[in-house]
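Analysis of the macromolecular model
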Amino acid sequence: MKNKEPIILLVVIFFTLVTYYLVEPFAHSQMHKHVESEGFEYADLPAMTKTGDAAKGQELVMNAGCAGCHSIEVAGMPAPMDAVMAAGAYGVNPPDLSNAGAVFDPKFLADLIKNPAHALKVEHKYDPAAGKMHPMVAFYGMGGDIDQEVADMVAYLQSIAVKKEELTPKVAFETACGRCHAVGYEEWTQIGEKPKFKHEKDSLAFDIKVIDYQDSLMKYMGKLPPDLSMYIRSRGEHYISTFVENPQNQLHGTAMPRVGVTPHSMEKVIEYLEDAGDTKRHEREAIGKNVMIYIIIFAIFALLWKKQVWRDLH
Amino acid sequence: MKENSRRGFMGKAFGAVAGVGAIGSLVAMKKTWDPLPSVKAAGFTTLDMSIYQEGVMVTEKWRGKPIFVLKQTAEMLANAKKNPKDIERLVEVDGSHYMVCIGLCTHLGCIPAFREAKNDFKCACHGGEFTASGNVQKVPPPRGFDIPPFKIDGGKLVLGEVGPEWQSMKDNGVTL
Amino acid sequence: MAHFTKATSVKDWLNQRLAVEKLEKVMASEYWIPKNINFLWAMGMVLVITFVLLLVSGIFLLMYYVPTTAEAFNSVNYTIMREVDFGWLWRHVHGVAASVVFLIIYIHMFTGIYYGSYKKGREMIWISGMLLFVAFSAEAFSGYMLPWGQMSYWAGMVITNLFSGGSLHADGLVEWIRGDYVPAQAFLGRFFMLHVLLIPVAILGLIGLHFGALRIPHVNNQDGEEIDFDAEAKKYLDGDKAGSKVMRFANDFMSKDMMVVGVYLVFFFYLVFYNYGFAMDPVNFDPADGLKTPTHIYPEWYFLWSYEILRPFNIDLGLILFAFAQVIFVLLPFLDRSPNAIPANRRGKAFAIWFWLMLANMIVLTAMGKLPPAGIFSQIGLVSAILFVVQWIALPFITAREKKV
């Protein structure tokens, strides 16, 4: 009698794969718009034509009044007010600039200094003609060549920031995302990491500060930006990176600004989110390999046993 | 024979008694699955309509959802009267007109904000806008705010109960 | 009164009290299985193994899971996934097994249909099997509620809404099932109870029934051949192992079962470690939010075909057809009027076409159930749903005309 098992197996595999293809890759390609990454090149922003001088940049940053809103902790400049008050005044706490030069693209920083709403791609929310100004005041120049001045300021920010190889996932995340998004699973709140308090009262006082901050943020953004703890599983790496690269591409009209990260800092942000939402991924890969080796050995032994038992049956 | 039929009868009688017990316990089980009194009490929200002031938007809560209540000013009402789609959405209690809606954008469920200067609602998520009577003024929202089931009870509005006014709104496709 | 003698050994002691030798014969060594079968006959054992995986992983998840709306999501995604050692493994095994078990059930079902294994005294095997399918569906649905993510919440909302009966507006019934106006604590609590106690107990009972129903008529074979089990068994026991048409369940068939299980487990663990996304929907990693509807709401893949039968019609007709789709498979042994209990390809063209069309159409329905209901997809869905119903209505007529072969 002819052995039909191989053909039966092929039929089963065929129908299984067709079903899988239709309900997974195909259905998802129909449900979600596919957005390709543009490599974080920010092609719409003008290229930097001037080479900046960090020393001049430092002077400019002092004189242009940046420190009126921003802290630069590494340069010994503290924040003019605490995060909660700042959010009350501006909607969101203006970022500390210590590592801006490492996390953000220089071209983006240059455009941001000159025209914040443009670089951030939130011009649909801010219309100077209607009196709706972006909370960050644009820099109109100190009298010299504005492009040179901006290049100097960017050079200064780059000079004080951590080296590329020293940029940790945590710093990248906090600088780029952490003032709007909480990550509960990493104890991160919009006003910083929640410390361990000895007394319940202090813990509650901290929570109230977070809520006050979130209230201001909610007014500013329209709704509270989501906690990102599980985003690596709910959205996946591709969606998150392309969203961050240009939020308008994925969700037209969204209040989320383009944040202008470099590809390297994007990787770091993803790593941070993986640590939060897919913490055991390394263990999964390591154990997975061992289990696969074991289970193949298991299958081979089962096969040999069957062969032996069936020898007498034919 | 007689003996047998009596035995058969007692068996059936015992079965019947056991059945009564089973049905009785089913009643208890059914009742245990019922919504709790606290849940039921939270399902109906009574609004005293006399406390609202014209042109002041108040957010109430009903079954976990925000409810926008906006007593219409003379100007809003005049605007609404120009458009049958607007006026049919308003609830009339004691001679005053109110917008009573579930305060969720019908696009993706964000909670729009009331803009006093323009007397309208704007959803910050995707820029949808609604008029003071809850109709769509600017897309993407597919339809105006949904109106919760209500019943007019004198000067009060009971949310969660279906009254004739709401039923006719639903029948006419004013709300889902 | 039974007479007990002093036991000569542990086995004898047990034998006098539990008849273990007899039991072993009935359940294993003299449970005769036809030799003329292929690996599809091992799907039962594959299902048993998958069920054991679900049970074991479920036990460990249960130790840390917290069935409250405030804590459920975090107890799964933080406590189990981050803190509990190997918690992630139990969760992935549980999630993937819950999905794969349906793939095997469908293969098992279509094997039964193809080889006519629901006929000639095997009706109860089919019926108990379909009851198991229903119980597994309920188990899968109730389990899907427990992580309390967006899909849990909204699937719970949409599926419980079905009980309003469309135009009947039985909102009271829906609220009774939920214990609230919307899925909330009462809802999560009762589905937790169903998932970890009531339905598993029902499943264990039904598995007993399913196995029992199989023991007396014996399993079918590849050619629908009627075998004289007593005569063939005698042949085997007399030493003509190769000449007999039957073999022992253990170890003869069991060794083949285990070989198939071995191959299956390679596939299974590949999914657990490297391709689990299909079984753990990304949307369910967003915490439940009653104020925000996900853009697309769809059930897990194994419910899609019946969901699609519901969708293209107006709510009342949709519900009627949905109910039809749920019960119609149970009635298969009575709808098939054919005198033949042989493989589909030898029963004449009509039934062979019916079988392959049914299989293909259910795959089409499954695909359309997930795709957004717009344009060409909703039209294909409509045609497929109508075809499904027509095929079942036509079945008694097609099979009644079949000639005995």
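Bear in mind the structure is a predicted one, so any value in this text is a computation, not a measurement. (Residues numbered from 1 in each chain as written. Chains lettered and ligands numbered in written order. Predicted model: local features only at pLDDT ≥ 70, side-chain atom pairs only at ≥ 80, totals over all residues.)

1. Some thoughts on the overall build of chain B
- Scanning chain B for helices and strands turns up five helices and 11 strands.
- Compactness check: chain B gives a C-alpha radius of gyration of 26 Å against a globular reference of 16 Å for 176 residues, more than 25% above the reference.
- Taking the principal axes of its C-alpha atoms as reference, chain B extends roughly 95 × 35 × 30 Å.
- Restricting the contact set of chain B to residue pairs at least 6 apart, pairs at least 24 apart contribute 49%. (Helix = DSSP H or I, 4+ residues; strand = E, 2+ residues; numbered from the N terminus. Rg over C-alpha atoms; globule rule 2.2 N^0.38 Å. Contact = placed C-beta atoms within 7 Å.)

2. Description of the overall build of chain A
- The helix and strand tally for chain A stands at 14 helices and two strands.
- Rg of the C-alpha trace for chain A: 27 Å, well past the compact-globule value of 20 Å for 314 residues, more than 25% over.
- For the C-alpha atoms alone, the extent of chain A along its principal axes is close to 95 × 50 × 40 Å.
- Within chain A, buried positions represent 35% of all 314 residues.
- Taking the intrachain contacts of chain A between residues at least 6 apart in sequence as the baseline, contacts between residues at least 24 apart amount to 76%. (Buried ≥ 20, exposed ≤ 12 C-beta atoms within 10 Å, placed from the backbone.)

3. A few points about the sheet that holds strand β4 (residues 91-93) of chain B
All names here are of chain B.
- With antiparallel pairing, the four strands of this open sheet are ordered in space as β2-β3-β5-β4. Edge positions in the open sheet fall to β2 (57-62) and β4, since each of these has one partner strand only. Sheet twist, expressed as the average angle between the axes of neighbouring strands with direction ignored, equals 35°.
- Pairing analysis gives five bridges linking strand β3 (residues 65-71) to strand β5 (residues 96-102), with the strands arranged antiparallel. Looking at the pairing, Lys71 lines up with Tyr98 of β5. (Pairing = 2+ DSSP bridges. Axes fitted to C-alpha atoms, helices over the stretch in contact; angles between N-to-C directions.)

4. A few points about the interface of chain A and chain C
- On the chain C side, the residues contacting the 40 residues of chain A number 44 residues.
- Elements represented by at least two residues in the side of chain A that touches chain C include exactly α1 (5-31), α10 (231-234) and α14 (281-310) of chain A.
- Taken together, the residues of the side of chain A that touches chain C sort by class into 23 nonpolar, eight polar and nine charged. (Nonpolar A, V, L, I, M, F, W, Y, C, P; charged D, E, K, R; others polar.)

5. Thoughts on the domain arrangement of chain A
- Per the domain assignment, the segments of chain A are domain 1 (1-31) and domain 2 (32-279).
- For domain 1 of chain A versus domain 2 of chain A, the separation of C-alpha centres amounts to 47 Å. (Domains from an automatic or database assignment.)

6. Looking at the pairing of β5 of chain B
Residue and element names in this part refer to chain B.
- Counting buried positions along β5 gives six out of seven residues, so the element sits mostly inside the fold.
- Where β4 and β5 come together, three bridges link them in antiparallel fashion. What sits directly across from Val91, in β5, is Tyr98.
- In this antiparallel pair of consecutive strands, β4 and β5, the connection spans two residues, and Asp94 shows a positive phi of 50°.

7. Some details on the packing of helix α15 (residues 349-370) of chain C against helix α16 (residues 375-400) of chain C
Residue and element names in this part refer to chain C.
- Their axes nearest at 9 Å, the elements α15 and α16 cross at an angle of 150°. One way to sum up the angle between α15 and α16 is to call them roughly antiparallel. When the axes of α15 and α16 are compared, the crossing they make is left-handed. Taking contact as the criterion, the partners of Ala350, Phe351, Trp354, Leu357, Met358, Asn361, Val364, Leu365 and Met368 in α15 are, on α16, Phe377, Ile380, Gly381, Ser384, Ala385, Leu387, Phe388, Gln391, Leu395, Ile398 and Thr399.
- For the contact of α15 with α16, the per-class residue count stands at 15 nonpolar, five polar and no charged. (Parallel < 35°, antiparallel > 145°, perpendicular 65-115°, else oblique. Left-handed = near helix turned anticlockwise from the far one by under 90°.)

8. Re the sheet that holds strand β7 (residues 120-122) of chain B
Residue and element names in this part refer to chain B.
- The antiparallel open sheet is built from four strands, whose spatial order is β6-β7-β8-β9. Two strands in the sheet have a free side with no partner beyond their single neighbour: β6 (113-115) and β9 (136-138).
- Direction of pairing for β6 relative to β7: antiparallel, over a ladder of three bridges. Looking across to β7, one finds that Ala113 is bridged to Lys122.

9. Here's the deal with α15 of chain C
- In this model α15 of chain C runs 32 Å from its N-terminal to its C-terminal C-alpha over 22 residues, within 8% of the 32 Å that 1.5 Å per residue would give.
- Among all positions of α15 of chain C, only Phe351, Trp354, Met362, Ile363, Val364, Leu365, Thr366, Ala367, Met368, Gly369 and Lys370 of chain C are buried.
- In this structure, the buried side of α15 of chain C is in contact with α1 of chain A together with α12 (304-310) and α16 of chain C. (Expected span 1.5 Å × (residues − 1).)

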